[in-house]
Structures are given as structure tokens and as C-alpha cells.
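If you want the building blocks of each chain, they are given just below.
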Amino acid sequence: MDLRAIVMGLAFALMWSSAFTSARIIVADASPLFSLAMRFLISGLIGVMIARAMGQTWRLTRGQWKATILFGICQNALYLGLNFVAMQWVEASMAAIIASTMPLLVALASLVLFRERIRPLGMLGLVAGVAGVALIMGTRISAGVDLLGVALCGLGVLALTTATLALRGATSGGNFMMVVGLQMLVGSAALFPAAFAFETIRVEPSWPLAIAFAYTTFVPGLAATLIWVMLLNRIGAVRAATFHFLNPVFGVAVASVLLGESLGMLDMIGVGVVTLGILAVQLARQPAPAKPPLSAALQPQAD
């Protein structure tokens, strides 16, 4: 993994984690599904225009169209839609911690459904991740956390896990900005009917709403998604997923700084355990370095 990939991964993790805080600000002054649908409509149109200006085409490969539609529905409409709704009742740090379990769920599903072998380090990481989440959930439930909000966040991360498992290897083929823009438009098309069907549309103009909406549209929306797709193409899904271990830390830190959300000692321990668990799982899934053939190893070395 080169320096550019590391910088891209760190930038993605910080941008992605900050989205929970901006979402929390948005839903205080606007209905969640409608505001998210508007965000995707604006982001999608801008993304497609940028892609066309870059000479990209919407003649995508079959795998890219599959990724575009499935990710647009599962990630943008279901995962983020459910999180936006849940953010009315749960703190941004709580939503970020639940969302960060996605790599653990992917590894667990790969073990159970696809019979993928996981090294002992990965198994230890799975156990640690589950233990960390259980510790956080236990302290929050005893403190009176809204269980409906937690359940919605859980359903959202399951939707994202499903899309991730279904689309392994489907992101190659170029046209990255076009793929990003079209994913946003798919999400918008799915969310607008849901917003008008299930919400009383409200928008209470304020400077925090305007700033948070603009930020979430351009930074976590366009920039982070584009960086993620480019990172997948540069180093592959397994190595790229390693950066998800930073999400609980960054998510909690941003929520603490901007929203003043406080965490107890057990919460902090749980975040640390989950973070280490995700890192262990991803490191265990890294391909082992290739060993030189025995015949080459036995050859005399030149002076």
C-alpha cells in the first residue's frame, strides 16, 4: 500500500465518519428522508455533470450498472435513509459506532455463508468486535437509549453489508465519477416517494441547516464516495476496508467536538475494542506475501 493510498484512506475515513454529525444537525431542522433525497438529487446531478466534463460516459459495464443500482438502493436509500431517520432519536456517535460494524458483519457473513477461511487473528477480531458492541449497547440501554433508533441503524448496516457482499469485484471499469453520480440519483429516486408517503415535509431554514446540508452534499456525499471508489480500484476491497477501523474513532471524535456528545469510560473502552476488532479482521483477510519458489531459494546468490 503506497503513500497515496494511505492518504486517500485516511481522508475517506474522516469524511465518512463526519457524515453522522452533519446528519444529526440536518434532521433537527428538516424531515430526514426529504432532506436526504434532496441531497442525493443535487449530488447526483453535479456528479454526472462533472463526469461528462471529464469525458466519462454512462455506457457502463454490466457489473458497474449492477453496482450502481444495488448500491444506490442499499447504501444510499436504505443504509443512509434509515440512519437519517434514526438520527432523530440517537446520538451521532451511537450511529457511527453501529455503522462501523459493517466490516465485522461482512467477515462473519463470509464465514457463515461462503465458508471463507478466517485466520485465528480474524476470529479473535470478530469476538472482540462483538464484545465491544455488546459493552456499548449494554451501557446505552441501561442509560435509556432509544431502541427504535438503534434498530433502524442496525437494519441500515445490514443493508450495506448485503450490498458489499453482492458486489465484490463489480467496481472496476473506470467512469468512477459517473458511477458515483448515478448511484446518488438512484438513491434520490427511491427516497422521494418514501418521503412523501411517510413524512410530513418540513424545512426550518437556519444557518446550521444550510452549512450542514452543503457539507454533507459535497464532502461525505461526493468527495468521500469518489475517493472510496478510486481506493477500491487502486488497492482492492480487502485492503481498502482496513480503513473502516478508523470510523468509530473518527465518528465519536467529530460528534464530541461539534455536538458536545459525551462518552463514559465503558463507552470509550467499547469503541477501542471494536476498533481493534475491525483492524484484526481486516489484517487477517490481507493476502499473505508470496514466498519465492524453493528452487529459487536454493540458488546461490550473486556476490
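Residues numbered from 1 in each chain as written. Predicted model: local features only at pLDDT ≥ 70, side-chain atom pairs only at ≥ 80, totals over all residues. Heavy atoms only, no water.

**Describing the overall build of the protein chain**
(1) Moving on: Helix and strand counts for the protein chain stand at 13 helices and zero strands.
(2) Moving on: Its helices and strands taken in sequence order, the protein chain reads α-α-α-α-α-α-α-α-α-α-α-α-α from the N to the C terminus.
(3) Moving on: The buried share of the protein chain, reckoned over its 303 residues, is 50%.
(4) Moving on: Once local pairs closer than 6 in sequence are excluded, the contacts in the protein chain between residues at least 24 apart make up 92%. (Helix = DSSP H or I, 4+ residues; strand = E, 2+ residues; numbered from the N terminus. Buried < 20%, exposed > 50% of the residue type's maximum accessible area, 1.4 Å probe, protein only. Contact = heavy atoms within 4.5 Å.)

**Let's talk about the packing of helix α2 (residues 32–53) against helix α9 (residues 207–235)**
(1) Moving on: Direction vectors running N to C along α2 and α9 enclose 55 degrees, while the axes themselves pass 10 Å from each other. When the interaxial angle is binned, α2 and α9 end up oblique. Here α2 and α9 pass one another in a crossing that is right-handed. Contacts between α2 and α9 pair Ser35, Met38, Arg39, Ile42, Ser43, Ile46 and Gly47 from the former with Phe213, Thr216, Thr217, Phe218, Pro220, Gly221 and Leu222 from the latter.
(2) Moving on: A breakdown of the residues in the contact of α2 with α9 according to their chemical character gives seven nonpolar, six polar and one charged. (Axes fitted to C-alpha atoms, helices over the stretch in contact; angles between N-to-C directions. Parallel < 35°, antiparallel > 145°, perpendicular 65-115°, else oblique. Left-handed = near helix turned anticlockwise from the far one by under 90°. Nonpolar A, V, L, I, M, F, W, Y, C, P; charged D, E, K, R; others polar.)

**What to know about the nonpolar core**
(1) Moving on: Counting 85 residues, the largest nonpolar core has Phe20, Tyr79, Met87, Ile98, Ile136, Leu191 and Leu231 as the members making the most contacts within it.
(2) Moving on: The element best represented in this core is α9, accounting for 12 residues.
(3) Moving on: If we skip the residues at most four places from it in the chain, Ile136 touches Met94, Ile97, Asp267, Gly270, Val271 and Val274. (Core = buried A, V, L, I, M, F, W, Y, C linked by side-chain atoms within 4.5 Å.)

**Points about the pattern of salt bridges**
(1) Moving on: Using the criterion set out here, one finds one salt bridge in the structure.
(2) Moving on: Taking the shortest distance from any N to any O, the salt bridge between Arg202 and Glu204 comes out at 3.7 Å. (Salt bridge = Lys/Arg side-chain N within 4 Å of Asp/Glu carboxyl O.)

**What about the environment of Ile211?**
(1) Moving on: Residue placement: Ile211 occurs in helix α9.
(2) Moving on: Note: C-alpha distance between Ile211 and Ser22 (189 residues apart in sequence) is 8.8 Å.

**Side note on a nonpolar patch on the surface**
(1) Moving on: A grouping of Trp58, Trp65, Ile69, Ile73 and Leu78 is seen on the molecular surface, where their side chains present a nonpolar patch of about 470 Å² in accessible area.
(2) Moving on: Secondary-structure assignment places Trp65 in helix α3 (residues 62–86).
(3) Moving on: By relative accessible area, Trp65 is classed as partly exposed at 35%. (Patch = residues over 30% accessible without salt bridge, like charges linked within 9 Å, V, L, I, M, F, W, Y side chains within 5 Å. Areas by Shrake-Rupley, 256 points an atom, 1.4 Å probe, with all protein chains shown as cover.)

**As for the environment of Leu259**
(1) Moving on: On the secondary structure map, Leu259 appears in helix α11 (residues 247–259).
(2) Moving on: Spatially, the C-alpha atom of Leu259 lies 9.6 Å from that of Ser22, the residues being 237 residues apart in sequence.
(3) Moving on: In contact with Leu259, other than residues within four places in its own chain, are Thr21, Arg24, Ile25, Ala92 and Val254.

**Comments concerning α11**
(1) Moving on: The end-to-end C-alpha separation of α11 is 17 Å, in line with the 18 Å expected for 13 residues at 1.5 Å each.
(2) Moving on: Listing the buried residues of α11 in full gives Asn247, Pro248, Gly251, Val252, Val254 and Ala255. Viewed along the axis of α11, the buried residues span an arc of 165 degrees, placing them on a single side of the element.
(3) Moving on: Buried residues in α11 make contact with α1 (3–26), α4 (92–99) and α12 (265–284).
(4) Moving on: Phi turns positive, to about 75 degrees, at Gly260, one or two residues after α11. (Expected span 1.5 Å × (residues − 1). Arc of directions from axis to C-beta.)

**Some points on the side chain of Ser18**
(1) Moving on: Among the secondary structure elements, Ser18 is positioned in helix α1.
(2) Moving on: Among the polar contacts made by the side chain of Ser18, one reaches the main-chain carbonyl oxygen of Met15 at a distance of 2.7 Å.
(3) Moving on: If we ignore the near neighbours within four places in the chain, the residues touching Ser18 are Tyr215, Pro220 and Val254. (Polar contact = N/O pair within 3.5 Å; in protein donor to acceptor, adjacent residues only side chain to side chain.)

**Observations concerning the packing of aromatic side chains**
(1) Moving on: Under the counting rule described, the total for this entry stands at six aromatic pairs.
(2) Moving on: An angle of 25 degrees between the planes, with centres 4.6 Å apart, marks the rings of Phe12 and Trp228 as stacked. Of this pair, Phe12 sits in helix α1 while Trp228 sits in helix α9, and the two are 216 residues apart along the sequence. We note that Phe12, like Trp228, is buried. (Phe/Tyr/Trp six-rings, centres within 6.5 Å; stacked < 30°, edge-to-face > 60°.)

**Notes on the confidence of the model for the protein chain**
(1) Moving on: In this model, the protein chain carries a mean pLDDT of 82, and residues with pLDDT of at least 70 account for 89%.
(2) Moving on: Averaged over each element, pLDDT in the protein chain is lowest for helix α13 (residues 294–298) (45) and highest for α2 (93).
(3) Moving on: Low pLDDT (under 50) marks residues 294–303, which in the prediction has zero contacts with non-local residues, meaning those over four places away or in another chain. (pLDDT = per-residue confidence, 0-100.)

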